[in-house]
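Spelled out, the chains give:
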Amino acid sequence: TQLLEQSPQFLSIQEGENLTVYCNSSSVFSSLQWYRQEPGEGPVLLVTVVTGGEVKKLKRLTFQFGDARKDSSLHITAAQPGDTGLYLCAGGGSGNTGKLIFGQGTTLQVKP
Amino acid sequence: NAGVMQNPRHLVRRRGQEARLRCSPMKGHSHVYWYRQLPEEGLKFMVYLQKENIIDESGMPKERFSAEFPKEGPSILRIQQVVRGDSAAYFCASSPRQTYEQYFGPGTRLTVT
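Criteria and cut-off values
Residues numbered from 1 in each chain as written. Chains lettered and ligands numbered in written order. Predicted model: local features only at pLDDT ≥ 70, side-chain atom pairs only at ≥ 80, totals over all residues. Heavy atoms only, no water. Contact = heavy atoms within 4.5 Å. Buried area = accessible area lost by both parts, 1.4 Å probe. Salt bridge = Lys/Arg side-chain N within 4 Å of Asp/Glu carboxyl O. Polar contact = N/O pair within 3.5 Å; in protein donor to acceptor, adjacent residues only side chain to side chain. Helix = DSSP H or I, 4+ residues; strand = E, 2+ residues; numbered from the N terminus. Buried < 20%, exposed > 50% of the residue type's maximum accessible area, 1.4 Å probe, protein only. Pairing = 2+ DSSP bridges.

### Let's talk about the interface of chain B and chain A
Where interface size is quoted, it is often the accessible area lost as the parts come together. Across the contact, 23 residues belong to chain B and 22 residues belong to chain A. Between chain B and chain A, roughly 1800 Å² of surface is buried when both sides are summed, and carbon and sulfur atoms account for 51% of that area. Summed over the three residues of chain B that lose the most area to chain A, namely Leu43, Tyr100 and Phe104 of chain B, the buried surface amounts to 39% of that side. On inspection of chain B and its partner chain A, the count reaches one salt bridge. Residues Arg9 of chain B and Glu41 of chain A are paired through a salt bridge, measuring 3.8 Å at the closest nitrogen-oxygen approach. Run the count over chain B and chain A and you get eight residue pairs in polar contact (both at pLDDT 80 or more). Broken down by secondary-structure element, the contributors of at least two residues to the side of chain B that touches chain A are β4 (31-37), β5 (43-50) and β10 (103-104) of chain B. For the side of chain B that touches chain A, the element with the highest residue contribution is β5 of chain B, accounting for four residues.

What follows is the structure, given as structure tokens:
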């Protein structure tokens with residue numbers, strides 16, 4: 001069974017601090033997606049990483065896919081209150097059927 | 001370009017009633033996926049459909065749940081004889097082809113009383 005474990009589960013920091021969220025698995029994924037979800041809304045796709053070792057930047061967010069394609073990280077520089085939300089990583093399930101397997105999520109609170 | 005639309009956004013049903021959840025994919029998307037988010041749990045895959053076909057229903061409970069995506073109209077997730085444990089947020093996602101890069105709707109929050 002493919003599983004994705006995210007850490008930490010909860011993170012409360014002050015505005016301006018940096019943070020990293022981790023997404024780990026013992027399984028290889030063909031791709032990993034990162035989503036952000038706000039209360040009462042659906043997940044919003046932030047980025048897709050496909051190649052082992054790949055690094056993608058989205059303004060203050062940096063996403064990395066592990067060389068073995070089993071793990072990923074999200075690093076936020078100089079966090080802002082607007083970054084507050086639930087961050088989810090998701091990987092493609094086995095069998096290439098379009099089924100996404102989600103991590104439990106990391107709840108981030110950025111205090112002004 | 002309108003995103004994925006789901007309705008209703010909130011649905012209250014009494015135990016034993018039927019719940020029908022609708023999903024209209026993004027324009028140009030013919031692949032639809034349903035996920036369920038139980039309280040304090042992560043998103044779990046339920047079913048993947050293309051127009052008129054169920055591709056993968058490995059996450060669907062064996063009884064009371066069904067899904068369809070007809071040639072015309074929205075995709076429907078149907079839950080018969082709802083029980084309190086069905087209370088959850090149900091999300092639909094769509095994509096233009098079979099891919100893990102999926103775009104989610106705002107969800108339907110089902111409450112069973």
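Structure shown, so let's carry the discussion forward.
### Here's the deal with the pairing of strand β4 (residues 32-37) of chain A
Within a regular beta strand, the side chains point alternately toward one face of the sheet and then the other, so they alternate between its two faces. Residues and elements named next belong to chain A. The buried count for β4 comes to six of six residues, which makes it a mostly enclosed element. Along β4, one buried face is formed by Leu32, Trp34 and Arg36 and the opposite face, lined by Gln33, Tyr35 and Gln37, is buried too. In this sheet, strand β5 (residues 44-49) lies alongside β4 in antiparallel orientation, the contact comprising five bridges. Paired with Tyr35 across the bridge in β5 is Leu45. The turn linking β4 back onto β5 is made up of six residues, and Gly40 within it adopts a positive phi angle of 80°. Bridge analysis of β4 against strand β9 (residues 85-92) gives six bridges, and the strand direction is antiparallel. Each residue of the ladder has a partner; that of Trp34, found in β9, is Cys89.

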